[in-house]
Amino acid sequence: MFPTSFRWRKGEKNSHEHLDKKLIHSLSSGEFPNFKQFKYLFRILTSREVRVIQILAVIALLNAAFLSVRFVAANTVSLPRPGGQYTEGLVGSPRTINPILLQNNDADRDLVQLIYSGLVRYTAGRTLESDLSERYDISEDGKAITFHLRSGVLWHDGKPFSADDVLFTVQRIQDPILKSPLHFSFKDVRVEKVDEKTVRFTLQKPFAPFLDLMTVGILPSHVWQDIPAESFGLAQTNIKPIGSGPWKFKTLQKNQDGTLRSYTVTRNDSYYGQKSTLSALQFKFYPDVDSTVNALKNRTVQGISYLPRSLKERLLADKDLATYVYHLPQYTALFFNGLNNPDLKSLAVRQALSSMIDRDAIIRDALAGEGERVDGPFLSGFFGEPGSADTGAPADYNPERAVTLLETAGWKRGEGGLWEKEDKDKKKHTLRVTITTINQEENMRVADLVKEAWMAAGVDVQVSTVDPVRVRTDVIDPRNYEALLYGEIIGSDPDPYPFWHSSQARAPGLNLASFSNSDADKLLEEGRTITSLEKRKELYKKFQTLLAQDAPAAFLYRPMYTIAVSKKLKGVSDGTHIIYPSDRLSESVTWYSKSKRVWKKGN
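Residues numbered from 1 in each chain as written. Predicted model: local features only at pLDDT ≥ 70, side-chain atom pairs only at ≥ 80, totals over all residues. Heavy atoms only, no water.

Novice: What is the right way to read empty space enclosed by the protein from this model?
Specialist: A water-sized probe, rolled over the atoms, reveals where empty space remains. Under the criterion given, the structure shown has two cavities of 30 Å³ or more. Its boundaries defined by the atoms lining it, the largest cavity holds a volume of some 50 Å³. In terms of lining residues, the largest cavity is bounded by Leu119, Val166, Thr169, Val170, Ile173, Phe186, Phe201, Met214, Val216 and Ile218. One number sums up the size of the second largest cavity: a volume of about 30 Å³. Lining the second largest cavity, in full, are Tyr331, Pro377, Ile490, Pro494, Pro496, Phe499 and Trp500. Split by residue class, the lining of the second largest cavity holds seven nonpolar, no polar and no charged. (1 Å grid on protein atoms, 1.4 Å probe; cavity = no way out; pocket = protein on both sides within 12 Å on 5 of 7 lines; lining within 4 Å. Points joined across faces, edges and corners; volume = space filled by probe spheres on them. Nonpolar A, V, L, I, M, F, W, Y, C, P; charged D, E, K, R; others polar.)

Right under this line is the structure:
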């Protein structure tokens, strides 16, 4: 028997398949297979047929998954989910987190922005809206501004906010012993408590930019009232502040030398306005920009508050990072000081030096294109922008015009190509100018480009740099410079009085060019006392004409402010007009790092 069985083994498979088919067919005589027959499907299919079915099944599953995703995406929306923390790197560290003592310290200003609130605030569109006040009224003569305070506001320690806090804050600003940088602005302002929820400010004369002052953070009187003015800057509350803003102090860490290493604020769940989705913000402090950028690359922080253009290339390859650019109400110019360099008293020299500068090249080469050319103290996008004025002294790059101006003024080319001129004693002296600026990369790059342009045109130039911390005391206040390359922040209201009125030519004024013109003074004085925007615009157009004709400064550009942030942080705006770099944090309540999908209404 075995030999016989072995003879038939070769056809055994085909025989079994035939029998299986007959058996499966016998389970149903219908035209379509039933469930019992489907159970035996893979016993009768060839391997090729099985592979085809498997491929078709995978395709069907992928299609189903794709359609499901499309359906969910079309019928749901992604919304922020509460929770998460954002960590940012800052250069420098806080010293005085106090709104009425703010100096030129970005870390202080950043934290004040988060912790404190003012009577009014600026929106992302640079318009004023109520904050600690519900509304405000301005009298017909423009001298009285009445604020009706918001109800239910609590300080971070749970105590209620009242009119007494507003009075206390203004009185401390006005105290000369305190030496608040805001003292001059509030010096002649009278503030009174109408009732527990109403305060009135009375001015000696109308002051158009007054509402801008009302953005200053209000202090809690119950916390500060027992601290004497002499000790205000030394109080512990300057580092562990109590405010009324959307974020409140949580914890800090110090280095061995006592400087702050990190600072954490947590969401204020009692905040009267929109509450943040994030639970906390943490700031880590570094000694310089390179250290801050390295912390971002190493993921020690999720963002940095300022990204220099020269370091932007180092981060472009990082696909997990995004950059955001903000427009600042600031211009950078070269301010001429004829008191320290008699040659700069000459209008021809000032105009010639301005004509030697290629502003477009500076924006291209020093700012990597992230800047806007300016020809005067008014910026695009501001109501006071007067447009083109009859300057009589165009600021366009024109070396030929510079030569004509200098030759007409008696200057001649000497040996080596430098401009020379005989003085009263028939002695020749060379046209020399020292440029002073702060030792930050952007300023130094711009100063070097101006130096190259002036030297190529025959001017002997030196560049002197100073630490930003000391520029006010060592350079600006004593007017210790010949040509100062510096940026002026004009604020939300483009009132040029603090920067160009003759009364501001000495410290603490900011008339850095010591510009003095009685007609210009009258225009500036009138411009800040009327509320009509159109009338102010006409006055400022006349003022700019006088200013340009005198050429006390070479206006260069309006910078842009760039930050770098992890793409995991959502809700960050781009292209926003802000007043100070710290204003980027005014939108921190809209930031989020976690999200969830919910069905759209009606689905």
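Structure shown, so let's carry the discussion forward.
Novice: What exactly am I supposed to notice about the nonpolar core here?
Specialist: Proteins that are soluble and globular tend to have nonpolar side chains buried together. One finds Leu114, Phe147, Phe201, Met214, Trp224, Phe232 and Tyr263 to be the most contacted residues of the largest nonpolar core, which totals 72 residues. Sort the elements by how many residues they give to this core and helix H7 (residues 163-174) lands first, with six residues. Apart from the residues within four sequence positions on either side, Phe232 is in contact with Asn98, Ile100, Leu101, Phe168, Arg172, Leu178, Leu219, Trp224, Ile227 and Asn238. Met356, Ile362, Trp419 and Val461 belong to the second largest nonpolar core, which has 32 residues in total. (Core = buried A, V, L, I, M, F, W, Y, C linked by side-chain atoms within 4.5 Å. Buried < 20%, exposed > 50% of the residue type's maximum accessible area, 1.4 Å probe, protein only. Helix = DSSP H or I, 4+ residues; strand = E, 2+ residues; numbered from the N terminus. Contact = heavy atoms within 4.5 Å.)

Novice: Honestly, the environment of Ala513 in this entry has me stumped. Any pointers?
Specialist: Checked against the element boundaries, Ala513 lands in the loop between helix H18 (497-500) and helix H19 (518-527). For the pair Ala513 and Ala483, spaced 30 residues apart in sequence, the C-alpha separation works out to 8.7 Å.

Novice: I'm lost on the pattern of salt bridges in this one. Help?
Specialist: Pairs may arise between side chains of opposite charge once their charged atoms sit close together. On inspection of all chains with the given rule, the structure shows 20 salt bridges. In this structure, Glu88 engages Arg584 in a salt bridge whose closest nitrogen and oxygen atoms are separated by 2.5 Å. In this pair, Glu88 sits in strand S2 (residues 85-91) while Arg584 sits in the loop between strand S22 (553-566) and strand S23 (595-599), placing the two residues 496 residues apart along the sequence. Each member of the pair, Glu88 as well as Arg584, carries the same accessibility label: buried. The salt bridge involving Glu372 is made with Arg558; its shortest N-O contact spans 3.9 Å. One end of the pair, Glu372, is in strand S15 (residues 371-373); the other, Arg558, is in strand S22, and 186 residues separate them in sequence. On the basis of relative accessible area, Glu372 is assigned to the partly exposed category, the value being 24%. The class for Arg558 is buried, based on a relative accessible area of 2%. (Salt bridge = Lys/Arg side-chain N within 4 Å of Asp/Glu carboxyl O.)

Novice: What is the right way to look at the pairing of strand S9 (residues 247-254) in this model?
Specialist: A regular strand carries its side chains on alternate faces of the sheet. Of the pairings in the sheet, the one linking S9 to strand S10 (residues 260-267) comprises seven bridges and is antiparallel in character. Following the sheet pairing, Lys254 is matched in S10 by Leu260. (Pairing = 2+ DSSP bridges.)

Novice: How do you make sense of the sheet that holds strand S18 (residues 428-430) when you look at a structure like this?
Specialist: The strands making up a sheet are joined through hydrogen bonds of the backbone, oriented either antiparallel or parallel. Spatial strand order, S16-S17-S18: three strands in an open sheet with antiparallel pairing. The strands lining the two open edges of the sheet, one partner per strand, are strand S16 (412-413) and S18. In terms of strand pairing, strand S17 (residues 419-422) meets S18 through three bridges, oriented antiparallel. Across the sheet, residue Lys421 finds its bridge partner in S18, namely His429.

Novice: Help me out: how do you make sense of the sheet that holds strand S5 (residues 133-138) in this one?
Specialist: Read across the sheet, four strands follow the order S5-S6-S8-S7 without closing on themselves; strand pairing throughout is antiparallel. Lying at the two open borders of the sheet, with one neighbouring strand each, are S5 and strand S7 (190-195). For this sheet the average axis-to-axis angle between neighbouring strands, irrespective of direction, equals 20 degrees. For strand S6 (residues 144-149) and strand S8 (residues 198-202), the ladder comprises five bridges, and the chain directions are antiparallel. Its bridge partner lying in S8, Thr146 is registered against Arg200. Sheet strands in contact with H7 are S6, S7 and S8, and its direction is about 170 degrees off that of S7. (Axes fitted to C-alpha atoms, helices over the stretch in contact; angles between N-to-C directions.)

Novice: For this particular structure, what's the right way to read the packing of aromatic side chains?
Specialist: The full count for this structure, using the stated rule, is 15 aromatic pairs. Each ring, one from Tyr331 and one from Phe555, has its centre 5.5 Å from the other, and the planes form 65 degrees; the classification is edge-to-face. Of this pair, Tyr331 sits in strand S14 (residues 330-336) while Phe555 sits in strand S22, placing them 224 residues apart in sequence. Between Trp500 and Phe515, the aromatic rings sit 6.1 Å apart at their centres with planes inclined by 75 degrees, giving edge-to-face as the arrangement. Placement of the pair is Trp500 in helix H18 and Phe515 in the loop between H18 and H19, with a sequence separation of 15 residues. Comparing Trp500 with Phe515, the two get one shared label, buried. (Phe/Tyr/Trp six-rings, centres within 6.5 Å; stacked < 30°, edge-to-face > 60°.)

Novice: Help me understand the environment of Leu367, please; the structure alone is not making it clear to me.
Specialist: Inspection of the secondary structure assignment puts Leu367 in the loop between helix H14 (359-365) and S15. With a relative accessible area of 0%, Leu367 lands in the buried category. Spatially, the C-alpha atom of Leu367 lies 8.8 Å from that of Met560, the residues being 193 residues apart in sequence. When sequence neighbours within four positions are dropped, the list of residues in contact with Leu367 reads Arg309, Ile362, Glu442 and Tyr557.

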